[in-house]
Amino acid sequence: MKVRAEDEAVMRDALALARDAAGAGEVPVAALVLDGGGQVLATGTNLRESTQDPTAHAEVVALRRAAAALGSWRLTGTTLVVTLEPCPMCAAAAWLSRIERLVFGAWNEEYGAAGSMWDLLRDPRLNHHPEVVAGVLAADCAAVLGDFFAARR
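As the structure is a computational prediction, the values presented were derived from the model and not from experiment. (Residues numbered from 1 in each chain as written. Predicted model: local features only at pLDDT ≥ 70, side-chain atom pairs only at ≥ 80, totals over all residues. Heavy atoms only, no water.)

### Notes on the overall build of the protein
(1) Moving on: Helix and strand content of the protein: five helices and five strands.
(2) Moving on: Counting from the amino terminus, the protein carries its helices and strands in the arrangement α-β-β-α-α-β-α-β-β-α.
(3) Moving on: In terms of C-alpha radius of gyration, the protein reaches 14 Å, essentially the compact-globule figure of 15 Å for 153 residues.
(4) Moving on: Projected onto the principal axes, the alpha-carbon positions of the protein cover approximately 40 × 30 × 30 Å.
(5) Moving on: Considering only residue pairs separated by 6 or more positions, the protein has 56% of its internal contacts joining residues 24 or more positions apart.
(6) Moving on: When the accessible surface of the protein is summed, it comes to about 7,500 Å², and 54% of that surface belongs to carbon and sulfur atoms.
(7) Moving on: Both charge centroids of the protein, one from 14 positive and one from 19 negative side chains, sit 4 Å from each other. (Helix = DSSP H or I, 4+ residues; strand = E, 2+ residues; numbered from the N terminus. Rg over C-alpha atoms; globule rule 2.2 N^0.38 Å. Contact = heavy atoms within 4.5 Å. Areas by Shrake-Rupley, 256 points an atom, 1.4 Å probe, with all protein chains shown as cover. Lys, Arg positive; Asp, Glu negative; His and termini not counted. Charge placed at Lys NZ, Arg CZ, Asp CG, Glu CD.)

If you want it as structure tokens, here you go:
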């Protein structure tokens, strides 16, 4: 797990998107897909409430947009940055898209599949293992989620 200098800056961008999602009534999770040079190819936020689509998690939205931008489902050489550890569906989508790196902020103790509840991306039975960088601005990412849910209780 190697944190790069730009990981925190990009996570701050993801946090800004997550806050925007919260303002729109969505659970504040955001994702960005970066190309090999660190440029943003695509972004996504949770859209489950607005689209009534159970698969519209931030990661899936961003991966779909990145694939469309590249004209390929193979996202080789890219980095997925997300404010919350991916769930099993999103971890599988990241694996299937062949990302090179996953960078996430807050741990997802209930549904996380990149090291907490499960470790799907490092499962030796799989044929592709992206680098996983965990805990980038974890406290900030967790606070956005905590504030969102506290306001709804």
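The discussion continues.
### Details of the packing of helix H3 (residues 58-70) against helix H4 (residues 88-97)
Packed helix pairs are characterised by how far apart their axes lie and by the angle those axes make with each other.
(1) Moving on: One can describe the packing of H3 onto H4 by two numbers: an axis separation of 9 Å at closest approach and a directional angle of 20°. By the criterion of interaxial angle, the relationship of H3 to H4 is roughly parallel. The chirality of how H3 crosses H4 is left-handed. Here Glu-59, Val-60 and Leu-63 of H3 come into contact with H4, specifically with Met-89, Cys-90, Ala-93, Ala-94 and Ser-97.
(2) Moving on: In terms of residue class, the contact of H3 with H4 is made up of six nonpolar, one polar and one charged. (Axes fitted to C-alpha atoms, helices over the stretch in contact; angles between N-to-C directions. Parallel < 35°, antiparallel > 145°, perpendicular 65-115°, else oblique. Left-handed = near helix turned anticlockwise from the far one by under 90°. Nonpolar A, V, L, I, M, F, W, Y, C, P; charged D, E, K, R; others polar.)

### What about the pattern of salt bridges?
(1) Moving on: Applying the stated criterion to the full structure yields six salt bridges.
(2) Moving on: The closest approach of N and O atoms between Arg-122 and Asp-119, which form a salt bridge, is 3.0 Å.
(3) Moving on: Arg-125 is paired through a salt bridge with Asp-123; the nearest N and O atoms lie 2.5 Å apart.
(4) Moving on: On the basis of relative accessibility, which here comes to 14%, the residue Asp-123 falls in the buried class.
(5) Moving on: Here the residues in one salt-bridge network are Asp-7, Arg-101 and Glu-131, joined through shared partners. (Salt bridge = Lys/Arg side-chain N within 4 Å of Asp/Glu carboxyl O. Buried < 20%, exposed > 50% of the residue type's maximum accessible area, 1.4 Å probe, protein only.)

### Here's the deal with the layout of surface pockets
(1) Moving on: If you add up the space inside the largest pocket, you get close to 500 Å³.
(2) Moving on: Residue lining of the largest pocket: 21 residues in total, with Val-27, Leu-84, Asn-108, Tyr-111 and Leu-145 positioned closest to the centre.
(3) Moving on: At three residues, the largest contribution of residues to the lining of the largest pocket is made by helix H5 (residues 138-152). (1 Å grid on protein atoms, 1.4 Å probe; cavity = no way out; pocket = protein on both sides within 12 Å on 5 of 7 lines; lining within 4 Å. Points joined across faces, edges and corners; volume = space filled by probe spheres on them.)

### What about the packing of helix H1 (residues 5-23) against H5?
(1) Moving on: Running from amino to carboxyl end, H1 crosses H5 at an angle of 10°, the nearest separation of the two axes being 10 Å. The angle between H1 and H5 falls in the class roughly parallel. Between H1 and H5, the contacting residues are Met-11, Arg-12, Leu-15, Ala-18, Arg-19 and Ala-22 on the first element and Asp-140, Cys-141, Val-144, Phe-148 and Arg-152 on the second.
(2) Moving on: Its residues assigned to classes, the contact of H1 with H5 shows seven nonpolar, no polar and four charged.

### A look at H3
(1) Moving on: Over its 13 residues, H3 extends 18 Å from the first C-alpha to the last, a length consistent with the 18 Å expected when each residue adds 1.5 Å.
(2) Moving on: Among all positions of H3, only Ala-58, Glu-59, Val-60, Val-61, Ala-62, Leu-63, Ala-66 and Ala-67 are buried.
(3) Moving on: Along its buried surface, H3 packs onto strand E1 (30-34), strand E2 (40-45), strand E3 (79-84) and H4.
(4) Moving on: Downstream of H3 by one or two residues, Gly-71 has phi in the positive range, about 70°. (Expected span 1.5 Å × (residues − 1).)

### Considerations on the packing of aromatic side chains
(1) Moving on: Applying the stated criterion across every chain yields a total of two aromatic pairs.
(2) Moving on: Ring plane angle 85° and centroid distance 5.0 Å describe the contact between Phe-104 and Trp-107, whose orientation is recorded as edge-to-face.
(3) Moving on: Trp-107 gets classed as partly exposed once you look at its relative accessible area, which sits at 39%.
(4) Moving on: For the ring pair Phe-148 and Phe-149, a centre distance of 5.1 Å and an interplane angle of 80° mean the geometry is edge-to-face.
(5) Moving on: Between the NZ or CZ atom of Arg-98 and the centre of the ring of Trp-95, over which it lies, the distance is 5.9 Å. (Phe/Tyr/Trp six-rings, centres within 6.5 Å; stacked < 30°, edge-to-face > 60°. Lys NZ or Arg CZ within 6 Å of the ring centre and 35° of its normal.)

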